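What follows is the residue order along each chain.
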Amino acid sequence: VQPVLDRACVGCHRPGSGNAKAERLDLSAARSYESLLAYADNDLQQLAFERDRSLVGQCAARQSKLTALLQSPAGHEGVRLDRDAWARLATWMDLYAQRQGHYSAEQEATLHALRREFGEMFENSQK
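Please read these numbers as outputs of a predicted model, since none were measured by experiment.

Draft legend 1. Highlighting unusual backbone geometry. Even without being a glycine, Asp41 presents a positive backbone phi close to 55 degrees. Looking at where Asp41 falls in the secondary structure, it is placed in helix 3 (residues 32-49). Given a relative accessible area of 67%, Asp41 falls into the exposed group. Here the phi dihedral of Asn42 falls at roughly 65 degrees; this positive angle occurs in a residue that is not glycine. Along the chain, Asn42 falls in helix 3.

Here it is, written out as structure tokens:
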């Protein structure tokens, strides 16, 4: 997800950005993993690691405070993620927030196909 963060978030959420509040959530490549897991009182960490299995309708992306912030009607500081960015961010959260994962080309294609097929369900659940 770092390319998504680099495009949409790091301009403000990095040391030296000039925005003291935003700098506290450092989303630069060196700190993004820890920052995202710690965001909103460890919300994502609890959602991603609290169970030993996934439960229908209770995936991390659907329940996270980060998703709620970014999809709120007011948005977050004018940031609007496109479909691909949402797919990457939601998939990362729903696959238990891996720090460094590697998928074969076949696994990656399967994940993209699943997100295309079922992506509308996720989008509709946020409205």
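Draft legend 2. Here's a closer look at helix 3. The first and last C-alpha atoms of helix 3 sit only 18 Å apart over 18 residues, clearly below the 26 Å expected at 1.5 Å per residue. Along helix 3, the sharpest kink reaches roughly 120 degrees, centred on Asp41. Those residues of helix 3 hidden inside the fold are in contact with helix 1 (2-8), helix 4 (60-63), helix 5 (65-70) and helix 6 (83-94).

Draft legend 3. Examining the nonpolar core more closely. Of all hydrophobic cores here, the largest spans 25 residues; its most connected members are Leu27, Leu81, Leu89, Trp92 and Met93. When contributions to this core are tallied by element, the ones reaching two or more residues are helix 1, helix 3, helix 4, helix 5 and helix 6. Setting aside chain neighbours within four positions, we find Leu27 in contact with Gln2, Leu5, Cys9, Val10, His13, Ser32, Ser35 and Leu36.

Draft legend 4. Expanded view of helix 6. An ideal rise of 1.5 Å per residue puts 16 Å on 12 residues; helix 6 measures up with 16 Å between its terminal C-alpha atoms. With a side-chain oxygen positioned 3.2 Å from the backbone nitrogen of Asp84, the residue opening helix 6 is Asp82.

Draft legend 5. Structural view of a nonpolar patch on the surface. Together, Leu114, Phe118 and Met121 make up an exposed nonpolar region whose accessible area comes to about 300 Å². On the secondary structure map, Phe118 appears in helix 7 (residues 105-125). Under the relative-accessibility criterion, Phe118 is labelled partly exposed at 39%.

Draft legend 6. A look at the confidence of the model for the chain. Taken over all residues, the pLDDT of the chain has a mean of 84, while the share at 70 or more is 86%. Per-element confidence in the chain is highest for helix 2 (residues 20-23), whose mean pLDDT is 96, and lowest for helix 7, whose mean pLDDT is 77.

Draft legend 7. Looking closely at the pattern of salt bridges. Using the criterion set out here, one finds 2 salt bridges in the structure. Where Asp84 meets Arg88, a salt bridge forms, and the shortest distance between an N and an O atom there is 3.0 Å. Note that Asp84 and Arg88 are positioned in helix 6 at a spacing of 4 residues, about one turn of the helix. Residue Asp84 is classed as partly exposed on the basis of its relative accessible area of 36%. The exposure class of Arg88 is partly exposed, given its relative accessible area of 38%. For the salt bridge of Asp94 with Arg115, the shortest nitrogen-to-oxygen distance reads 3.6 Å. Separated by 21 residues along the polypeptide, Asp94 in helix 6 and Arg115 in helix 7 bring together distant segments of the chain.

The rules we used
- Residues numbered from 1 in each chain as written.
- Predicted model: local features only at pLDDT ≥ 70, side-chain atom pairs only at ≥ 80, totals over all residues.
- Heavy atoms only, no water.
- Helix = DSSP H or I, 4+ residues; strand = E, 2+ residues; numbered from the N terminus.
- Buried < 20%, exposed > 50% of the residue type's maximum accessible area, 1.4 Å probe, protein only.
- Expected span 1.5 Å × (residues − 1).
- Bend = angle between axes of the 7 residues up to and from the residue.
- Contact = heavy atoms within 4.5 Å.
- Core = buried A, V, L, I, M, F, W, Y, C linked by side-chain atoms within 4.5 Å.
- Polar contact = N/O pair within 3.5 Å; in protein donor to acceptor, adjacent residues only side chain to side chain.
- Patch = residues over 30% accessible without salt bridge, like charges linked within 9 Å, V, L, I, M, F, W, Y side chains within 5 Å.
- Areas by Shrake-Rupley, 256 points an atom, 1.4 Å probe, with all protein chains shown as cover.
- Salt bridge = Lys/Arg side-chain N within 4 Å of Asp/Glu carboxyl O.
- pLDDT = per-residue confidence, 0-100.

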